[in-house]
Amino acid sequence: MVRTRFAPSPTGYIHVGNARSALYPFLIARQNKGQFILRIEDTDQSRFVQGAEDLIYDTLNWLGLNWDEGPYYQTQRKDIYLKWANKLIAKGLAYADPYSPEQVEEFRESAKAAKKPFLFRDHRPENPPTWDGSQPLRFKVTDLKRYHWHDEVMGDLSAGSESLDDFILIKSDGLPTYNFAHIVDDYEMKITHVIRGQEYISSMPKYLSLYEALDITPPIFAHVPHILAPTGNKKLGKRDGAKSVTEYRSEGILPEAMVNFLAQLGWNDGTEQEIYTMDELISKFSLGKVQKSGARFDEQRLLWLNGQWIRHLDLDDLYRRTVSSLTATLGRSASPPSRVSSLKTRRDSNSPKMAVSEDTSKYDFWGPAAQKASDTERKKVLAITQDRLKTLADLPSLTEYFFTEPQPNWPMIDDNKQLSKLSRAEQIKLLETAKTDLAEADFDSLESLQDNLNKLLEKTGQKPAILFSLIRFALTWAPFSPGLPETMQVLGKDNTLQRLQAAINFAQN
């Protein structure tokens with residue numbers, strides 16, 4: 001059975017690179033009817049961030065990346081690592097490191113002064129003490145050879161003995177290093193595919209030497225390229241505008257759009273298709289079609305995809321997400337409430353250097369005035385603005401004027417190239433004519449409203465760009481709005497006529 005894993009560290013927010021590192025193994029597992037495992041690599045206690053674990057679960061659930069097993073915690077598996085460490089000690093392939101950090105630093109500085117690479121094996125103690133857990137335990141590399149391996153993305157790779165060294169297996173605090181723990185965990189958890197970032201390629205020789213020492217057959221490897229900054233010349237970082245996945249969610253990005261976007265950061269199925277459902281990604285994804293070079297991050301493409309997905313949703317589904325995106329996931333929650341809530345008390349009194357948390361109230365995307373409106377009223381407005389939304393966070397600017405009378409902003413008219421050609425008196429006369437004629441219109445029929453507007457064009461001899469724009473400004477005082485008949489129908493006859501009169505009064509004064 002194919003078994004893949006996502007193994008994040010609870011050290012902060014989940015960024016787009018982390019999310020893609022979860023998506024690809026998830027797709028491989030689902031494609032092969034296998035299992036997707038969640039493992040929390042929490043052995044570096046100095047970097048632990050309070051609340052980061054909950055964000056991992058919340059982000060995966062929101063994206064619809066349901067895990068089948070876990071979460072496993074490395075801090076709760078110390079006995080397993082000790083068992084494997086003792087195997088290496090028994091083989092003479094692990095030893096206690098007797099040096100202090102200061103002594104190791106001296107070795108490092110000496111190598112630097114001699115303009116040589118620092119290798120701990122050059123300082124290996126002749127008679128190391130018996131390991132009692134109070135000192136680091138190091139792996140003893142004995143076979144200084146060139147390693148060759150195949151990578152599902154990068155192809156056939158190799159590296160020589162210069163990449164091999166005696167590295168720490170278990171730290172003096174009793175917890176394993178990543179270099180040791182992930183190999184043991186992947187074997188114990190029967191992981192068949194290890195999919196991770198290309199930054200781990202340089203460490204592959206040391207991993208392969210440890211696989212040999214432990215008599216473990218390595219899994220299938222796939223190292224995916226970095227996500228690059230928009231300039232394309234470096235790895236994406238915070239200075240380049242990189243955000244956490246939760247930030248994008250709070251800005252109104254849909255999980256479908258984020259998954260669609262992440263999947264295509266370095267992968268293409270060879271077609272012109274741009275919109276993919278999760279089922280389509282599961283069906284079509286292939287590690288062999290992941291590109292070797294870095295994928296440039298393009299936030300404008302994410303916004304475009306999000307707009308496409310917003311238009312793709314039915315009205316009831318979209319409305320539910322505007323009220324609370326916390327419930328808008330691609331699939332059922334992978335973790336029962338009891339599992340996630342219990343994590344809040346799992347940690348002891350260790351004082352973290354920082355903490356992360358979320359204000360869940362920000363996931364209602366409607367503006368202040370709309371908060372007082374009924375679901376029915378808001379759905380009517382959403383129905384005519386859906387095609388114009390790029391993100392859910394656009395809702396206030398595109399809809400607030402439906403729920404509260406906007407303040408006249410005549411410079412918007414004066415700055416309009418077409419409307420500025422009319423005198424104030426001509427503008428007022430057009431609004432008065434519109435108010436009089438629209439008072440006879442049937443606001444229950446869009447066809448009737450459009451017919452009345454067309455008759456106004458004939459009566460006034462104006463172009464739609466002038467007459468309709470003037471009426472639209474008078475009703476919304478917004479730079480953008482839905483179609484004029486749709487806007488008038490949602491506002492209703494009384495409100496429409498009242499706003500036209502308010503604009504006339506303002507212009508006259």
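Residues numbered from 1 in each chain as written. Predicted model: local features only at pLDDT ≥ 70, side-chain atom pairs only at ≥ 80, totals over all residues. Heavy atoms only, no water.

**Quick notes on helix H6 (residues 204–213)**
- In terms of burial, H6 is largely enclosed, as nine of its ten residues are buried.
- For H6, the complete set of buried residues consists of Met204, Pro205, Lys206, Tyr207, Leu208, Ser209, Leu210, Tyr211 and Ala213.
- The first or second residue beyond H6 is Asp215, which carries a positive phi of 60°. (Buried < 20%, exposed > 50% of the residue type's maximum accessible area, 1.4 Å probe, protein only. Helix = DSSP H or I, 4+ residues; strand = E, 2+ residues; numbered from the N terminus.)

**Some words on the pairing of strand S6 (residues 147–151)**
- Residue alternation in S6 divides its side chains into a buried set, Tyr147, Trp149 and Asp151, and an unburied set, His148 and His150.
- Pairing between S6 and strand S7 (residues 155–159): five bridges, direction antiparallel. Each bridged residue has a counterpart across the sheet, and for Asp151 the counterpart in S7 is Gly155.
- Where S6 folds back on S7, the antiparallel hairpin that results is connected by three residues. (Pairing = 2+ DSSP bridges.)

**Some thoughts on the sheet that holds strand S8 (residues 168–170)**
- Pairing within the open sheet is antiparallel, and its three strands lie in the order S4-S5-S8. Pairing within the sheet leaves two strands with one partner each, and these edge strands are strand S4 (94–96) and S8. Recorded for the sheet is a direction-independent mean angle of 40° between the axes of neighbouring strands.
- Pairing of S4 with strand S5 (residues 137–139), which is carried by three bridges, proceeds in the antiparallel orientation. Paired with Tyr95 across the bridge in S5 is Arg138. (Axes fitted to C-alpha atoms, helices over the stretch in contact; angles between N-to-C directions.)

**Observations regarding the packing of aromatic side chains**
- Evaluated as defined, the whole model comprises 19 aromatic pairs.
- Ring centres 6.0 Å apart and planes at 45° place the aromatic pair Tyr57 and Trp67 in the tilted group. Note that Tyr57 is positioned in helix H2 (residues 52–63) and Trp67 in the loop between H2 and strand S3 (69–73), a separation of ten residues in sequence. The pair formed by Tyr57 and Trp67 is uniform in burial state, with each residue classed as buried.
- We note Lys87 situated over the ring of Trp84; from NZ or CZ to the ring centre the distance is 3.8 Å.
- In this arrangement the basic side chain of Arg472 is found over the ring face of Phe473, its NZ or CZ atom lying 4.8 Å from the centre. (Phe/Tyr/Trp six-rings, centres within 6.5 Å; stacked < 30°, edge-to-face > 60°. Lys NZ or Arg CZ within 6 Å of the ring centre and 35° of its normal.)

**A short note on the confidence of the model for the protein chain**
- Confidence along the protein chain averages 90 in pLDDT terms, with 91% of residues attaining 70 or more.
- When the criterion is pLDDT under 50, residues 326–355 qualifies, and its contacts beyond four places in sequence or with other chains add up to 59 contacts.
- Contacts from residues 357–362, a stretch scored under 50 in pLDDT, to residues over four places away or in other chains number eight contacts. (pLDDT = per-residue confidence, 0-100. Contact = heavy atoms within 4.5 Å.)

**Quick look at the packing of helix H1 (residues 16–31) against helix H8 (residues 255–263)**
- For the pair H1 and H8, interaxial distance at closest approach is 10 Å and the crossing angle is 85°. In terms of their interaxial angle, H1 and H8 are classed as roughly perpendicular. For the pair H1 and H8, contact is made by Val16, Ala19, Arg20, Leu23 and Tyr24 and by Val259, Leu262 and Ala263, respectively.
- Looking at the contact of H1 with H8, its residues break down into seven nonpolar, no polar and one charged. (Parallel < 35°, antiparallel > 145°, perpendicular 65-115°, else oblique. Nonpolar A, V, L, I, M, F, W, Y, C, P; charged D, E, K, R; others polar.)

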